[in-house]
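As a plain string of letters, each chain reads:
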Amino acid sequence: MKKNVLLIIALFIASLNLRPAINSIAPLLESIRSDLGMSAAVASLLTAIPVLCMGIFSPVAVKAGGKWGIERIIGLSLVIIGIGTVIRLFTNSVLFLVTTAFIAGIGIALIGPLLSGFIKQHFPNHVPSMVAVYTVALTLGAAFSSALSTTLENSFNSWQISLAFWAIIAFVAAVIWWLFVNQQVKKSAYTATAGTKVQLPWGNGKAWILTLSFGLMAMLFYSITAWLPQIIEGMGYTKNYATIALTIFVAVQIPVSLVLPILLKRFPSRRLWLVVESILELVGLILLVLNVEPLVASALIGIGAGGLFSLNLLLPIDATDNAHEAASWSAMIQSAGYVIGALGPIILGWIHDATNSFVSAVFGMIVIVLIMSIFQFTATAKRRVNTFKEKAQDSGGKQSIV
């Protein structure tokens, strides 16, 4: 029991570090662009590069986890995130700042798919609850970094210090991970099955459908994360108002992550909640286009985005039978999915530079929501009957992934 509590605490604190290196950028973007002379397209790379890294390096994470153990690689990843974040203190050029985004992105990329395997291995009968712990912590990290970045900039009169501040959490998390996990778990799930060949399901049609669903979700999520303050400022609102909107977008995802597992116990259908969350995100984007209550629009988009992220994390775990498969499917889905997602901020930045407006880009996001919904329906079209029965017996309850 004590061991499980320590693992949960370590999982929570590690997950806090998956977004600050990305979300701390948006509130400071105008200051950064002014000091370094960046165009919108180049500035978008500060969000796009970490997301792209999540795509490129996810397969590496699975192979490294298979060789050295997922717990060790997660601990190393936290150190890498800390290094990529703390050196932002010395930023004096566009190239240097982009390089820090790349380093932090590698650390984030290594953690992502391995946490799914970690959850599958250590909490096989509590997957939705542990995914909630993961997503709540991730969202808290995103919320705090979004809300406090401007305050830190004003307090220290430096956006460099504001960006570098979040390295503290990463290094603290690395120490806690070592004490609570690496010292408690003597043999990794992967180390215990070192003879098993780690393969990503590139030839599996279901895995590709889940990948496209995840990729379109990520494209929307990171486009909004990168550009929501600028979109709202372009409507004539103040920088503080736009920062509040971004904070709301992130903060509302916390209760969504907490409530979703409860709702899934009551109504287990993944498809039902995918549809509900997509509709909420769609309504929020329409309100944004119409310039109707941006704070309400941000809240609706955040509720939809938070639910969709959690559900897309659950789908590959539902579709697999062990920690090996869960990490492999998650690695493939996040690999190709985040590459798709990385295109979102870049495309929005390009559209802004070309039209000096985000209106067309928001219309494009509405179209993406509709296309994403098609893949969500396809992804939940069939029930894996045998796995369903086994999971129902193991959990003593009723569960469906349709």
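For the structure itself, consult the block above.
Numbering of residues starts from 1 in every chain and runs along the sequence as written. Under the rules for a predicted model, residues below a pLDDT of 70 receive no local features and side-chain atom pairs below 80 are neither given nor counted, while totals for whole chains, interfaces and linings still include all residues. With hydrogens and water excluded, all non-hydrogen atoms of the structure serve as input to the side-chain values.

Turning next to the overall build of the chain. A tally of regular secondary structure across the chain gives 18 helices and zero strands. Here the chain has a C-alpha radius of gyration of 20 Å; the compact-globule value for 402 residues is 21 Å, and the two agree. Reported as C-alpha extents along the three principal axes, the dimensions of the chain are approximately 55 × 40 × 35 Å. Looking at the chain as a whole, 60% of its 402 residues are labelled buried. Contacts were defined at the residue level, with two residues in contact if any of their heavy atoms lie within 4.5 Å. Considering only intrachain contacts with a sequence separation of at least 6, the fraction spanning at least 24 residues in the chain is 84%. Accessible surface is estimated by sampling points in the Shrake-Rupley manner with a 1.4 Å probe; for residues, cover comes only from the protein chains shown. Working note: accessible area of the chain is about 15500 Å², and carbon and sulfur atoms make up 68% of it. All tallies of charge rest on Lys and Arg as positive and Asp and Glu as negative; His and the ends of each chain are not included. Each charge is placed at NZ for Lys, CZ for Arg, CG for Asp and CD for Glu. Distance between charge centres in the chain, computed from 24 positive and 14 negative side chains, equals 14 Å. In DSSP terms, a helix is any run of H or I states spanning at least four residues, a strand is any run of E spanning at least two, and both are numbered starting from the N terminus. Radius of gyration: over C-alpha atoms. The globule rule applied is 2.2 Å multiplied by the number of residues raised to the 0.38 power. Under the scheme applied here, a residue whose accessible area is under 20% of the maximum for its type counts as buried, over 50% as exposed, and between as partly exposed, the area being computed with a 1.4 Å probe on protein chains only.

The subject of this paragraph is the packing of aromatic side chains. Centre distance within 6.5 Å is the pairing criterion for rings of Phe, Tyr and Trp, where only the six-membered ring of Trp is used; planes under 30 degrees apart are then read as stacked, over 60 as edge-to-face, and the remainder as tilted. Across all of its chains, the model carries 13 aromatic pairs by this definition. Here the aromatic rings of F165 and W166 are separated by 5.1 Å at their centres, their planes lie at 90°, and the arrangement is edge-to-face. Here a set of aromatic residues connected by ring pairs shows up, and it is made of F214, F221, Y222, F249, F309 and Y338.

This next bit is on unusual backbone geometry. The backbone phi angle of N157 is positive, close to 55°, even though this residue is not glycine. Note that N157 resides in the loop between helix 8 (127–156) and helix 9 (159–164). Overall, the relative accessible area of 71% leaves N157 in the exposed class. Despite not being glycine, N291 has its phi angle at roughly 55°, a positive value. For N291, the position within the fold is in the loop between helix 14 (270–289) and helix 15 (294–318).

Compared with the 20 Å implied by 1.5 Å per residue over 14 residues, the 20 Å span of helix 13 (residues 253–266) between its first and last C-alpha is a close match. V259 marks where helix 13 bends most, by close to 30°; the proline P261 follows one to four residues later. Every buried residue of helix 13 is listed here: Q253, I254, V256, S257, L260, P261 and L264. Contact partners of the buried residues in helix 13: helix 8, helix 11 (205–233), helix 12 (239–251), helix 14 and helix 15. Expected helix span is computed as 1.5 Å times (number of residues minus one). Note on bend: at a given residue it equals the angle between the axes fitted to the 7 residues ending there and to the 7 starting there.

A word on the packing of helix 11 against helix 17 (residues 359–379). Between helix 11 and helix 17, the shortest axis-to-axis distance is 9 Å and the interhelical angle comes to 155°. When the axis of helix 11 is compared with that of helix 17, the two are roughly antiparallel. Regarding helix 11 and helix 17, the two cross each other, and that crossing is left-handed. Across the interface between the two elements, K206, I209, L210, L212, S213, L216, M217, M219, L220, S223, I224 and I231 of helix 11 pack against V362, M365, I368, V369, I371, M372, F375, Q376, T378 and A379 of helix 17. Three classes are used, and their members are as follows: Ala, Val, Leu, Ile, Met, Phe, Trp, Tyr, Cys and Pro are nonpolar, Asp, Glu, Lys and Arg are charged, and the others, Gly among them, are polar. Among the residues forming the contact of helix 11 with helix 17, the class breakdown is 17 nonpolar, four polar and one charged. Throughout, an axis means a line fitted to C-alpha atoms (over the contacting stretch in the case of helices), and angles, computed between N-to-C directions, take values from 0 to 180 degrees. Just so you know how the angles are binned, under 35 degrees is roughly parallel, over 145 roughly antiparallel, 65 to 115 roughly perpendicular, and the rest oblique. Crossing chirality is assigned from the near helix's rotation relative to the far helix, an anticlockwise turn below a right angle marking it left-handed and a clockwise turn marking it right-handed.

With 20 residues, helix 14 ought to run about 28 Å at 1.5 Å a step, and its terminal C-alpha atoms sit 29 Å apart, in line with that. The inward-facing, buried residues of helix 14 abut helix 11, helix 13, helix 15 and helix 17. Here helix 14 starts with a cap whose side-chain oxygen sits 3.4 Å from the backbone nitrogen of R271, and that cap is S269. Backbone geometry just after helix 14 places N291 at a positive phi near 55°. Under this definition, polar contacts are N or O atom pairs within 3.5 Å; protein pairs additionally need one hydrogen-donor-capable and one acceptor-capable atom, and for neighbouring residues in sequence, both atoms have to be side-chain atoms.

This part takes up the pattern of salt bridges. Throughout this description, the term salt bridge denotes a Lys or Arg side-chain nitrogen within 4 Å of a carboxyl oxygen of Asp or Glu. In total, this model carries two salt bridges according to the counting rule given. The partner of E30 in a salt bridge is R33, with the nearest N and O atoms 3.6 Å apart. Taken as a pair, E30 and R33 lie in helix 3 (residues 29–36) at a separation of three residues, close to a single helical turn. Given the relative accessible area of 32%, E30 is considered partly exposed. R270 serves as the salt-bridge partner of D318, at 2.8 Å between the closest nitrogen and oxygen. With D318 in helix 15 and R270 in helix 14, the pair connects residues that are 48 residues apart, well separated along the chain. A single burial state applies to D318 and to R270, both of which are buried.

None of this, on its own, says anything about what the molecule does.
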